[in-house]
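# Analysis of the macromolecular model
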Amino acid sequence: MRNRRRVIALVAALVLGIVVAPAAAAAPRFTVLVFSKVNGFHHDSIPAGRRAVTELGAEHGFDVVVSDDAALFTDTGLARFDAVVFNNTNGRDGAILDANQRAAFERYIRAGGGYAGIHAASGTEYDWAWYGRLMGAFFDRHPASQPLKVQVDDRAHPSTRRLPQVWERTEEPYDFRANPRGSVHVLASYDTRSYTGHTMGADHPIAWCQDFEGGRSWYTGLGHDAATYDDPAFRSHILGGIEWAAGAVPGDCGATEDDRYVKTLLDGDTDDPLAMEIDNSGRVFYLQRGGQLNVYDPSKGYSHEAGRFDAFVLHTHGMHGLVLDPHFEDNGYIYVYYSPRTKNVNRLSRVTFDEFTNTVRGEKVLLEFFSQREINAHEGGGMAFDSEGNLYLSTGDNVDPCCAGFAPIDERAGRQNQDAQGTSANTNDLRGKIIRIHPEPDGTYTIPEGNLFPPGTDRTRPEIWVMGLRNPYRLHVDPATGWVYWGEVGPDAQNDDPLRGPMGYDEFNVAKEAGNFGWPMCIGDNRAYVEYDFTTGRSGQPYDCAGGPANDSPNNTGLAELPPAQPSWLAYPYRVSDEWPEMGNGGRLAVGGPTYHYDPELESETKFPEYYDGTTIVADWTRNAMFEVKQDEAGNAVSLNRFLPRGGFLRPIDMEFGPDGSLYVIEWGTNYGGSGRGDPNWDSGIHRIDYVRPGERAPIAKATANPSSGKAPLTVRFTDSSTDPDGHALTHEWDFDGNGTIDSRAADPVHTFTANGTHLARLIVTDPTGRREPVNVKVTVGNTAPKVKIQSPRDGEIFDWGVPIPYRLRATDPDGGVDCAEPLTKGGVGHARQVHAVSRNRGCAGELVPSIVEGHTVDDDLTYVLDASYTDRGRPRLTDRDRVTLQPRRKEAEHHDRSSGVRIVRNSAGGGLVSGVSHGDWVSVTPVNLRNVGSLRFRVASSANGGTIEVRFGAQDGPLLGSAAVPVTGGGQTWTEVTAPVVDPGSTHELFLVARNPGVTGDLFNVDWFEFGPEV
């Protein structure tokens, strides 16, 4: 092509009478092979793909060889190419490469070669597992070509940086057999809201790349139609992919790969950790609910207590938030927000950190406001500074989450704690607000310009910047824009009610200026609640959100006419959201997070990559999940993706980017209540998440002690279970007595403790690159931990609401007898990883009656949880606990725990159902124990095909426990019921429901619910 262009130019010059000296041919930047072999479906766009790559080579200085001859796939044949382009290859009817050719291609990639796959390249070589890993995900199916939107999330990679952030086009939208997110770096995804017929769920990657076994792999699922290859944007897309695959241009292809991140536990000896700040030296200052202010020092590898506040701990009261002064290095100021024990207020104070003593001193109270303590309420607690030195503080509405999950607007006498019109919607009250003040050096504050109400405005507080909030949780100011982001924890109503208003939503919000966010009159995208008379039970008119709702409550001491309500930035309910289905479904607790700004000049091996530049990180505490939110220049949320979908988080409750560009996360732990509610967590902690490259990842330190408690002298065997992501051998340094001296370099040493007390043995593991990670192992000497075991019911058994559940415990104490009057068993309703305690008994046997808590119905995703604990009388006192989770007799199908291939859609009768069920698809529930269960009954519908539901033990291909045939019913919501007799495998397991109809490729049936039948 380049020679032809040169000839044309010479002819033109001769015609014009110009003499041109022939130019020396420039060396090609690189060389690629365009390979389009097909054994099956032949795409009409193959010639267009060949032509496009050839022309791009001529335009951008690289050589292109076009050949479908598989004989080139030898070591010698491939050696000349920097990358191989699989251009709509297809292997529907069999392989396109033989065993020797495959082996040569594997060697080529491992030697540093590149791969670029276009569209049907994912439908190639299904029987070659290595190719599937190289390419990323095999093609499964597709609906018809149609207009749709592509969300371009990577604005830095050469294959996507020139594309529009929302790319509208017509495509044949591929579904894949598995979602590759987490194992590849996703460049772009389909917006599944923009088209129909998809089966993968809301998260639908369509272009990705990865560094693979020494080589490079890039793939795009776009490119079905021939006309696509003349589109300049698409050509830019494949050009950048080919250049990167050939190694000719740089690009980071690890940002969404889970194994590129190392999550390091900095401090696991925590108790109700809530909020943190990181100073410029990397120290982590964090608050614990009970009153402690602790500091983790990375240079020492451990934490110490810097101060303790006299906090009132009950319900949601306690410590709430902290923030370091912008000039902390100079003045040592730390601001804290908490509930003092001696006064019914919430307090904002300043203390000074003394670098010499490593403690805080000199508390100065800046601000106090009334906070009722009669009932469980919301207290907020986010704090942040902006670039002007203004301090932002979020406060909760301080009212009861009452009223069937709708707006708390109960105006009856004596019900002021159920009326947020007196707090959040009260312009003269600081509850349910974001306060904005400017702290002064003398411990006072002034009011900056731009707050919602100018100083002196009648019946207002000048500190208010944002009003109309319920429970604003975790506040962050973007330093680049000054915009304020937070999470907003919403109410519990499961469905809309025309007499009361909308269902409950949690929100992520952003405020660019002062305003009203509507609570308790409005929620979500300015959805209005209905005025409601709790005395008569009569409904009035919806509130005027856009025009400014009226507040005529007798509990309101502020203005009656409120500013117009602002819609939420990103709202989601319990069910799958129509607007943001990527959030999933289940319980809700929105936690606001920081916005990352990539600094190319920052010298840090662990900083987050450029992919996250301008990205806001948010979390849902209940769903154990974190998300990345991409925005446009105006700050509108454009796309939302799960962050580290396979990494796992344990109730993330605060997140901050440190000066090293790493992400710091507080995990609350397994139990909902924490120590403040008598349900302590032993797995809470402060973590750091580093972005690393292969060969640069730190080891993951883990160790155990056996025994971990007992009488002195206590001989303990320590076992190291540390791992290294890069496969490096590790060295070990054990410090048993905490004096900083290495006591053993063995991996699994034995040590005898002679002194009573609690000891923290410390292990540091080091890899050959010098990366070190510590872990502490707790050993208690002087007392042996008791043991408690729930013997009945068994984990996963079936229960009925309102029917007493007998239980039996076995409690033992090696150091003495157990008084059977002391073990405590609590019963609670499990919902979305939370447990709402409803009853408790003491004793080794008894019964508890499962009842549904307010705001929920039998159609919700509920379980019943028994939690047994026993605390001995030794010194120090030790506690053991056991827990079982019971399943309700009837379970909505959409309330499964795991699934493959299916999707959840709306049921015309309300709620959801499992749809898109094809041969081999499955859902699972865990734990399940089929003791006293003789059958499973299913409510099913099938518009065509039908099939069989197989009940299997432990895996989708595990032992068959029973099956039921599903007939064609004539419609996707034309329901019938079928029954599968089942056998009890005799143990607790994960129960799989697998769809079968091997002769059919389309959808088989829908499932509404299933029910465990008793033995006959």
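In this numbering scheme, every chain counts its residues from 1 along its sequence in written order. Totals for whole chains, interfaces and linings use all residues, but because this is a predicted model, local features are given only for residues with pLDDT of at least 70 and pairs of side-chain atoms are given and counted only at 80 or more. Excluded from the side-chain calculation are hydrogens and water; included are all heavy atoms of the structure.

### Overview of the overall build of the protein
Only DSSP runs of H or I with at least four residues qualify as helices, and only runs of E with at least two residues qualify as strands; both kinds are numbered from the N terminus onward. Per the secondary structure count, the protein includes 7 helices and 67 strands. Atoms considered for the radius of gyration are the C-alpha atoms alone. The globule rule reads 2.2 Å times the number of residues to the power 0.38. A globule of 1016 residues ought to have a C-alpha radius of gyration of about 31 Å, and the protein, at 31 Å, matches this closely. Among the 1016 residues that make up the protein, the fraction classed as buried is 58%. Contacts spanning at least 24 positions in sequence make up 66% of the contacts within the protein whose residues lie at least 6 apart. Each residue is placed in one exposure class: buried if its accessible area under a 1.4 Å probe, protein chains only, is under 20% of its type's maximum, exposed if it is over 50%, and partly exposed if it falls in between. For this analysis, residues touch if any pair of their heavy atoms sits within 4.5 Å.

### Thoughts on the pairing of strand β27 (residues 484–488)
Regular strands place their side chains on alternate faces of the sheet. Burial runs high along β27: 5 of the 5 residues are buried. Here β27 shows a buried face lined by Val 484, Trp 486 and Glu 488 and a second buried face lined by Tyr 485 and Gly 487. Think of it this way: DSSP has to see at least two bridges between two strands before they count as a pair. Here strand β26 (residues 472–477) runs beside β27; their pairing, made up of 5 bridges, is antiparallel. By the bridge assignment for β27, Val 477 is matched with Val 484. Here β27 pairs with strand β28 (residues 506–511) via 5 bridges, running antiparallel. Bridge pairing links Gly 487 to Phe 508 in β28.

### Details of the sheet that holds strand β16 (residues 302–308)
Read across the sheet, 4 strands follow the order β13-β14-β15-β16 without closing on themselves; strand pairing throughout is antiparallel. Strand pairing shows two members of the sheet lacking a second neighbour, β13 (273–278) and β16, which therefore form its edges. Ignoring strand direction, the axes of neighbouring strands in this sheet form an average angle of 25 degrees. The sheet contact formed by strand β14 (residues 284–288) and strand β15 (residues 292–297) spans 4 bridges and is antiparallel. From the neighbouring strand, Val 284 faces β15, where its bridge partner is Tyr 296. Axis definition: a line fit to C-alpha positions, over the contact stretch in the case of helices; interaxial angles, taken between N-to-C directions, run 0 to 180 degrees.

### Concerning the sheet that holds β26
Within the open sheet, the 4 strands sit side by side as β26-β27-β28-β34. Their pairing is antiparallel. Each end of this open sheet is capped by a strand with a single partner; those strands are β26 and β34 (570–572). For this sheet, the mean angle separating the axes of adjacent strands, direction not counted, is 15 degrees.

### Quick notes on the side chain of Glu 106
The residue Glu 106 is located in helix α4 (residues 99–110) in this model. Here Glu 106 is in contact with Trp 128 and Trp 130, once residues within four sequence places are set aside.

### Quick look at the environment of Ile 435
Within the secondary structure layout, Ile 435 lies in strand β23 (residues 434–439). Counting along the chain gives 363 residues from Ile 435 to Leu 72, while the straight-line C-alpha distance between them is 69 Å. Residues within four places of Ile 435 in sequence aside, it is in contact with Leu 367, Phe 369, Leu 391, Tyr 392, Leu 393, Thr 395, Leu 430 and Glu 463.

### Brief notes about a negative patch on the surface
Only residues whose relative accessible area exceeds 30% and that take part in no salt bridge are eligible for patches, with like-charged residues grouped when within 9 Å of each other and nonpolar side chains (Val, Leu, Ile, Met, Phe, Trp, Tyr) grouped when within 5 Å. Where accessible areas are quoted, they stem from the Shrake-Rupley method and a 1.4 Å probe; at the residue level, only the protein chains shown are allowed to cover. Here, a salt bridge means any side-chain nitrogen of Lys or Arg that lies within 4 Å of a carboxyl oxygen of Asp or Glu. The sign given to each residue is positive for Lys and Arg and negative for Asp and Glu; His and the chain ends receive no count. For the purpose of locating charges, the reference atoms are NZ of Lys, CZ of Arg, CG of Asp and CD of Glu. A contiguous patch of negative charge, built from Glu 411, Glu 531, Asp 533 and Asp 552, is present on the exposed surface. Mapped onto the elements of the fold, Asp 533 is located in strand β32 (residues 530–533).

### Some words on the state of the cysteines
Here, a disulfide means two cysteine sulfur atoms that sit within 2.5 Å of each other. With the rule as written, the count across this model stands at 4 disulfides. Within the protein, bonded cysteines paired by disulfides and numbered along the sequence follow the pattern 1-2, 3-4, 5-6, 7-8.

### Some thoughts on unusual backbone geometry
The residue after Trp 519, namely Pro 520, is reached through a cis peptide bond having omega 5 degrees. Summarising the element assignment, Pro 520 is placed in the loop between β29 (515–516) and β30 (522–523). The omega torsion of the bond from Asn 706 to Pro 707 falls at -5 degrees, within 30 degrees of zero and hence cis. Its place among the elements puts Pro 707 in the loop between β42 (703–706) and β43 (709–710). One non-glycine residue, His 119, lies in the positive phi region at around 50 degrees.

### Let's talk about the pattern of salt bridges
The full count for this structure, using the stated rule, is 55 salt bridges. Here Asp 93 ties to Arg 92 by a salt bridge, and the two come within 3.4 Å at their closest N and O atoms. Take Asp 93 and Arg 92: they sit in the same class, and that class is exposed. Its salt-bridge partner being Asp 211, residue Arg 260 comes within 2.8 Å of it at the nearest N-O pair. Linking Arg 260 in the loop between α6 (232–245) and β12 (261–267) with Asp 211 in strand β10 (residues 205–212), this pair joins segments that are 49 residues apart in sequence. You can call Arg 260 buried: its relative accessible area is 4%. Three or more residues joined by partner-sharing salt bridges are found here, namely Arg 51, Glu 55, Asp 230 and Arg 235.

### Side note on α4
One less than the number of residues in a helix, times 1.5 Å, gives the span that helix is expected to have. Spanning 12 residues, α4 covers 17 Å between terminal C-alpha atoms, matching the ideal 16 Å at 1.5 Å per step. Buried residues of α4: Gln 101, Arg 102, Ala 104, Phe 105, Glu 106, Tyr 108 and Ile 109, and no others. Looking at the packing, one finds that the buried side of α4 touches α3 (75–78), β3 (83–87), β4 (114–118), α5 (129–135), β10 and β11 (215–220). Residue Gly 112 follows α4 closely and has a positive phi angle near 110 degrees.

### Thoughts on the nonpolar core
Among the buried residues, those of types Ala, Val, Leu, Ile, Met, Phe, Trp, Tyr and Cys that are joined through side-chain atoms within 4.5 Å form a nonpolar core. Membership of the largest hydrophobic core comes to 68 residues, with the highest contact counts inside it found for Phe 86, Phe 105 and Tyr 131. Residue contacts for Tyr 131: discarding those within four places in its chain leaves Phe 86, Tyr 115, Ala 121, Thr 124, Glu 125 and Phe 138.

### Remarks on the UniProt feature "domain: CBM6" (unreviewed entry) in the protein
As recorded in UniProt, the feature "domain: CBM6" (unreviewed entry) lies at residues 889–1013. With 0% helix and 55% strand, residues 889–1013 has its two end C-alpha atoms placed 8 Å apart. UniProt positions are given in the numbering used here, feature names are shortened, and annotations may be inferred rather than shown by experiment.

### Concerning the packing of aromatic side chains
Geometry of aromatic contacts follows a simple scheme: Phe, Tyr and Trp rings, the Trp one being its six-membered ring, pair when their centres are within 6.5 Å, and the pair is stacked under 30 degrees between planes, edge-to-face over 60, tilted otherwise. If you walk through the whole model with that rule in mind, you get 58 aromatic pairs. Summarising the aromatic geometry, the rings of Phe 718 and Trp 734 are spaced 5.0 Å apart at their centres and angled 40 degrees between planes, so their arrangement reads as tilted. Placement of the pair is Phe 718 in strand β44 (residues 714–720) and Trp 734 in strand β45 (residues 731–735), with a sequence separation of 16 residues. Comparing Phe 718 with Trp 734 shows no difference in burial state: the two are buried. Here, a charge over a ring means that NZ of Lys or CZ of Arg falls within 6 Å of the ring centre while also lying within 35 degrees of the ring normal. Sitting over the face of the ring of Trp 167, Arg 169 holds its NZ or CZ atom 4.3 Å from the ring centroid. Between the NZ or CZ atom of Arg 193 and the centre of the ring of Trp 580, over which it lies, the distance is 4.8 Å.

### Describing helix α2 (residues 46–60)
End to end, α2 covers 21 Å across 15 residues, agreeing with the expected 21 Å (1.5 Å per residue, within 8%). Gly 61 sits one or two residues past α2 and shows a positive phi near 75 degrees.

### Regarding the environment of Leu 809
Here Leu 809 shows up in strand β51 (residues 805–812). Taking the C-alpha atoms as reference, Leu 809 lies 6.9 Å from Val 788; in sequence the two are 21 residues apart. If sequence neighbours within four positions are ignored, Leu 809 has contacts with Lys 789, Ile 790, Gln 791, Pro 823, Thr 825, Gly 843, Cys 844 and Ala 868.

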